[in-house]
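Structural overview
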Amino acid sequence: MAAPAPVPAPAPRLTVTGQPIQGGILRGTASGGTLSLDGKPVSIAPDGAFLIAFDRDAGPSALLVLTASNGTRAERPLAVAPRDWPIERVDAPYRAGKTDAEFAALRPAELAQIVAARAKVSDAAGWRQDLRWPAVGRLSGRFGAQRVYQGKPGSYHSGADVAVPTGTVVTAPADGVVILAAARPFTLEGNLLMLDHGGGLNSALLHLSRIDVVVGQHVRQGQPIALSGATGRATGPHVHWSLQWQGAKLDPLLVAGVPVENAR
C-alpha cells in the first residue's frame, strides 16, 4: 500500500496595511520566521506585528520578504509613492555659535554619541502606538524641505519644527527609553534628547532649554521630558522633532498627523 503523500507546509502569511510613501511608515503582521525589507532585517514581535518605513529619498520600489523556518517564502513587492519636496529659504542669521575650527574639533565626538545612541536596542514598545507631537504650535519647518540659508544651499530638513516659546513643556511622542541626553549643548542640535521606541524606531528632540530625564529611563507617551528652547544652531525658540527607522529619515506629519494648531 502506497504511503500517503506528504502534506505541504502552509505558506507563511504576510500582510501590510497602508500605502508605502517616501518618509512614511507601514504596519503589518507576519506568521513567524524572518522578515526583511530590501535585505535589511525587520524585527517581528511575538504576536507577529511589525513596522517598516521608507526614507525621504527611498526609491520607487521595495521588496518585503518573509522566510519561514522550513524555507518557504512570502514576498510583497511594494510601490513607494514619490513626493515633491519644497525649497525653504531661511534668511534670518544664525545665532552666534562656534567658529569653523571649533566646530571641526567638536563635531566628530558629537556624531559618535548620536551613532552610538541609535545603535542601542531597548525593550520599548512605543512603535506600536499612534505617535503624538512632542509640542503643539505653529509648524515653522517641514520635513524634507531643501533649505537655503541666506542664499547658500544646505542639506534637506530632517525633521519638523514647531515654533513655541522657550520653556514650553515637551512630552514623549510615544513610550520609549532615553538613549541620549546631552550633558552639554551640541554645536548644531543644542540640548539633544533621543528616545528609542523599539522596533527600530527612534526620536530626536533638538534645541531644548532643559532636559528632565536621564539615559536608560523608561518614559510614557505624553510624559513631560524637557523644555523647549533655542540652543545650538537655531534662529529662534522651537522644538525640532526628527524620526528615524533603521536609519531611514521619516516625516512626522505622515507619522503623527498635522499638529492641532495647524489643522484649524
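Look a little higher up for the structure.
1. What about the overall build of the protein?
When its secondary structure is counted, the protein shows two helices and 21 strands. For the protein, the C-alpha atoms occupy an extent of roughly 90 × 45 × 40 Å along the three principal directions. Evaluated residue by residue, the protein yields a buried proportion of 46% over its 264 residues. For the protein, the proportion of contacts with a sequence separation of at least 24, taken over those separated by at least 6, is 66%. Looking at the protein as shown, the accessible area adds up to about 13,200 Å², and 56% of this sits on carbon and sulfur atoms.

2. Observations concerning the environment of R118
Position of R118 among the secondary structure elements: in helix α1 (residues 100-118). Ignoring any residue separated from it by four or fewer positions in sequence, one finds R118 in contact with I179, M194, N202, A204, S242 and Q244.

3. Re the environment of R142
By the element assignment, R142 lies in the loop between β9 (138-141) and β10 (146-149). The partly exposed category is assigned to R142, whose relative accessible area is 46%. In sequence terms R142 and G23 are 119 residues apart; their C-alpha atoms lie 12 Å from each other. Leave out the neighbours within four places in its chain, and R142 touches E88, H157, G159 and L253.

Criteria and thresholds
- Residues numbered from 1 in each chain as written.
- Predicted model: local features only at pLDDT ≥ 70, side-chain atom pairs only at ≥ 80, totals over all residues.
- Heavy atoms only, no water.
- Helix = DSSP H or I, 4+ residues; strand = E, 2+ residues; numbered from the N terminus.
- Buried < 20%, exposed > 50% of the residue type's maximum accessible area, 1.4 Å probe, protein only.
- Contact = heavy atoms within 4.5 Å.
- Areas by Shrake-Rupley, 256 points an atom, 1.4 Å probe, with all protein chains shown as cover.

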